[in-house]
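One-letter residues, chain by chain:
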Amino acid sequence: QIEVPILRSACQMAASGDGGVSSEAGALEVSRKRRLEKLLLLNIFQGVLQHVINLQSEIGLFTAACGGDVASTARNLVNTSSITGVAGLLVNQVGGKLSDAVGRKPFFIAGPLINIIVGLLVFLRPDNLRLLFLTRILKLIGTTFSGTVMTQAAVADICADAD
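Criteria and cut-off values
- Residues numbered from 1 in each chain as written.
- Predicted model: local features only at pLDDT ≥ 70, side-chain atom pairs only at ≥ 80, totals over all residues.
- Heavy atoms only, no water.
- 1 Å grid on protein atoms, 1.4 Å probe; cavity = no way out; pocket = protein on both sides within 12 Å on 5 of 7 lines; lining within 4 Å.
- Points joined across faces, edges and corners; volume = space filled by probe spheres on them.
- Helix = DSSP H or I, 4+ residues; strand = E, 2+ residues; numbered from the N terminus.
- Nonpolar A, V, L, I, M, F, W, Y, C, P; charged D, E, K, R; others polar.
- pLDDT = per-residue confidence, 0-100.
- Contact = heavy atoms within 4.5 Å.
- Salt bridge = Lys/Arg side-chain N within 4 Å of Asp/Glu carboxyl O.
- Buried < 20%, exposed > 50% of the residue type's maximum accessible area, 1.4 Å probe, protein only.
- Core = buried A, V, L, I, M, F, W, Y, C linked by side-chain atoms within 4.5 Å.
- Phe/Tyr/Trp six-rings, centres within 6.5 Å; stacked < 30°, edge-to-face > 60°.

Trainee: Even after reading the chapter, I still don't get the layout of surface pockets, so can you show me in this structure?
Mentor: Empty space among the atoms becomes visible once a probe the size of a water molecule is rolled across them. Quantified by volume, the largest pocket comes out at close to 340 Å³. Forming the walls of the largest pocket are 14 residues, and the residues nearest its centre are Leu-36, Leu-39, Leu-40, Phe-108 and Ala-154. For the lining of the largest pocket, the secondary structure elements donating two or more residues are helix H2 (23–52), helix H5 (105–124) and helix H6 (129–162). Here the lining of the largest pocket gets seven residues from one element, more than from any other, and that element is H2. The class makeup of the residues in the lining of the largest pocket is seven nonpolar, two polar and five charged. Considering only enclosed or pocket space, the second largest pocket measures out at about 220 Å³ in volume. What lines the second largest pocket is a set of 14 residues, among which Asn-54, Glu-58, Val-118, Val-122 and Lys-139 lie closest to the centre. Residue contributions to the lining of the second largest pocket peak at five residues, all from H5. For the lining of the second largest pocket, a count of residues per class yields six nonpolar, five polar and three charged.

As structure tokens, this is what we get:
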């Protein structure tokens, strides 16, 4: 069995000492938090995979769409990264508030769903530079939001429950 001490050390989870909570209820709570811990780590791993799994193919697609012009490819990749950074500031703030109101689950699922839709669009039109530009921005924002922002919010929720 793999031990995952990341959240336990941050939150100082304890099975007893809850002040009136039975040891069985405390054990169930610890078990639930450990399961959530593993799911959050799996979500982080999935987010990393979503970011890196298509690095080489993405450059190739942009190069082909730019007619083999390396300078144009580099310019388009840098522009998408810049727009992603600025748009991410807005999406992270609005999405974070929305996830507080609606719940975390839909936003955990949003990143992978965005990647599936974006992948299908790129598959259907791999030579369309504007589509590649837009889908790369959506992919990066969606993956970052569901992988990073939602994970941090969930860890904060778990740690708040521990207090």
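Trainee: Would you take a moment to explain the confidence of the model for the protein chain for this structure?
Mentor: Parts of the model with low pLDDT should not have their predicted coordinates read in detail. In the predicted model, the protein chain carries a mean pLDDT of 82, and 85% of its residues have values of at least 70. The least confident element of the protein chain is helix H1 (residues 6–11), whose mean pLDDT is 50; the most confident is helix H4 (residues 70–102), at 94. Within the model, pLDDT remains below 50 along residues 13–20, and this stretch shows nine contacts once partners closer than five positions in the same chain are excluded.

Trainee: Teacher, can you tell me more about the pattern of salt bridges here?
Mentor: Pairing is possible between side chains that carry opposite charge, provided their charged atoms lie close to one another. Under the defined criterion, the tally for this structure stands at four salt bridges. In this structure, the salt-bridge partner of Glu-58 is Lys-139, at a minimum N-O distance of 3.7 Å. Remark: Lys-139 occurs in helix H6 and Glu-58 occurs in helix H3 (residues 55–65); sequence separation between them is 81 residues. Like Glu-58, the residue Lys-139 is buried in the burial classification. Residue Asp-100 pairs with Arg-104 through a salt bridge whose shortest N-O separation is 3.0 Å. For Arg-104, a relative accessible area of 16% puts it in the buried group. Among the ionic contacts, a cluster of salt bridges with common partners joins Glu-58, Arg-136 and Lys-139.

Trainee: Explain the nonpolar core here, please?
Mentor: Counting eight residues, the largest nonpolar core is built from Leu-40, Phe-107, Phe-108, Phe-145, Val-149, Met-150, Ala-154 and Ile-158. Put simply, the parts of the chain that give this core at least two residues each are H5 and H6. Ranked by the residues each element gives to this core, the list is headed by H6, at five residues. Excluding residues that lie within four positions of it along the chain, Phe-145 makes contacts with Val-91, Asn-92, Gly-95, Gly-96, Phe-107 and Met-150. Grouped together as the second largest cluster of nonpolar side chains are five residues, Phe-62, Leu-77, Val-122 and Leu-132 included.

Trainee: Could you clarify how one ought to interpret the packing of aromatic side chains in this entry?
Mentor: Aromatic ring pairs: the centre-centre distance and the angle between the two ring planes describe each pair. On inspection of all chains with the given rule, the structure shows one aromatic pair. Ring centres of Phe-107 and Phe-145 lie 5.8 Å apart, and the angle between their planes is 80°; on these two criteria the pair is classed as edge-to-face. Of this pair, Phe-107 sits in helix H5 while Phe-145 sits in helix H6; the two residues are 38 residues apart in sequence, bridging distant segments of the chain. Per residue, the accessibility class of Phe-107 equals that of Phe-145, and both read buried.

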